[in-house]
Amino acid sequence: NAGVTQTPKFQVLKTGQSMTLQCAQDMNHEYMSWYRQDPGMGLRLIHYSVGAGITDQGEVPNGYNVSRSTTEDFPLRLLSAAPSQTSVYFCASRLGQGHLNQPQHFGDGTRLSIL
Amino acid sequence: AQSVAQPEDQVNVAEGNPLTVKCTYSVSGNPYLFWYVQYPNRGLQFLLKYITGDNLVKGSYGFEAEFNKSQTSFHLKKPSALVSDSALYFCAVRDYTTSGTYKYIFGTGTRLKVLA
């Protein structure tokens, strides 16, 4: 059972480039989310999805797009990378509305540097 | 909006001694609180949660947490620390979203260092 898989693990981009961070889960979880982790700031929610075809913004959505065409996949797109987006990005998933007290499962992260 | 605070950036403790990692919360209504641990270059792993019931919650790896409503605290504890417990610890609280579902608000994290 792979859990939550994130690719790539590391990436270096130049300012203005675009890229997609991939996230896949094999637990049939309805709820998926993206966080960024920055020193001294904990984890901040970027976007989340409560099921296929449904997405919504978190605390820090600017500069990022998401889509959820399948239950398994929840990619995060940077349209025009900026140095302020240098961070570690985590994808997480959990069971849906009928299981509200269940914890989230996290991937191992993507370490992104924008030059 | 709900929030959690972790007042200590780092906690140092000697191996074999008891450890405490502090968390305070601010919520409207009943709090739903969680502790996660993060090892280097890994994602967060769930340790334990408080939903309702006993104020002392037991979790993974020998950790427990004490919910104190009067002090609005949810401190993580372990009776005897191990060097392998050295990691980054996050407290989190469940919050509502504007679209009617739930999300999680994380604290800033506390780095625990257990000295041999």
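Each remark here, short or long, concerns the structure printed above.
The following refers to the structure shown.

Reading the values: the criteria
- Residue positions are counted from 1 within each chain, in the order its sequence is given.
- Chain A is the first chain written and ligand 1 is the first ligand written, with later ones labelled in order.
- For this predicted model, a pLDDT threshold of at least 70 governs which residues receive local features, and a threshold of 80 or more governs which side-chain atom pairs are given and counted, while totals over whole chains, interfaces and linings are taken from all residues.
- As a convention, hydrogens and water are excluded, and side-chain values are obtained from all of the structure's heavy atoms.
- The buried label goes to any residue with under 20% of its type's maximum accessible area, the exposed label to any with over 50%, and the partly exposed label to all in between, with areas taken from a 1.4 Å probe on protein chains only.
- Runs of H or I in DSSP of at least four residues are treated as helices and runs of E of at least two as strands, each being numbered from the N terminus.
- Any two strands between which DSSP finds at least two bridges are classified as paired.
- Pairs of N or O atoms are called polar contacts if they sit within 3.5 Å, as long as, within protein, a hydrogen donor faces a hydrogen acceptor (for residues adjacent in sequence, only side-chain-to-side-chain pairs).
- Throughout, a residue-residue contact means that at least one pair of heavy atoms, one from each residue, lies within 4.5 Å.
- Helix axes use the C-alpha atoms of the stretch in contact, all axes being lines fitted to C-alpha atoms, and the angles between their N-to-C directions lie in the range 0 to 180 degrees.

**Points about the pairing of strand E11 (residues 110-114) of chain A**
Residue and element names in this part refer to chain A. When you tally the buried positions in E11, you get four out of five residues, the bulk of the element. For strand E2 (residues 10-13) and E11, the ladder comprises four bridges, and the chain directions are parallel. Looking across to E11, one finds that glutamine 11 is bridged to leucine 112. Pairing between strand E9 (residues 87-94) and E11: three bridges, direction antiparallel. The residue of E11 that forms the bridge with serine 87 is leucine 112.

**A word on the pairing of strand E8 (residues 64-68) of chain B**
All names here are of chain B. Summarising the sheet, strand E7 (residues 56-58) and E8 pair through three bridges and their orientation is antiparallel. The residue bridging leucine 56 from the neighbouring strand is glutamate 66, located in E8. Hairpin connection of E7 to E8: five residues between the antiparallel strands, including tyrosine 61 at a positive phi of 60°. In this antiparallel pair of consecutive strands, E8 and strand E9 (residues 73-78), the connection spans four residues, and threonine 72 shows a positive phi of 45°.

**Some details on the side chain of threonine 110 of chain B**
Residue and element names in this part refer to chain B. Residue placement: threonine 110 occurs in strand E12 (residues 110-115). On the accessibility criterion, threonine 110 (0% relative accessible area) is buried. Looking at threonine 110, its side chain comes within polar contact range of the side chain of glutamine 6, at 3.1 Å. Once residues within four sequence positions are removed from consideration, threonine 110 is found in contact with Gln6, Glu8, Asp9, Gln10, Val11, Val21, Ala87, Leu88 and Tyr89.

**Considering the sheet that holds strand E8 (residues 76-78) of chain A**
Residue and element names in this part refer to chain A. Read from one edge of the open sheet, four strands run E1-E3-E8-E7, paired in antiparallel fashion. The open sheet is flanked by strand E1 (4-7) and strand E7 (64-66), the only strands paired with a single partner. The mean inter-strand angle of the sheet, taken between neighbouring strand axes irrespective of direction, is 20°. Looking at chain direction, strand E3 (residues 19-25) and E8 are connected through three bridges and run antiparallel. The residue of E8 that forms the bridge with leucine 21 is leucine 76.

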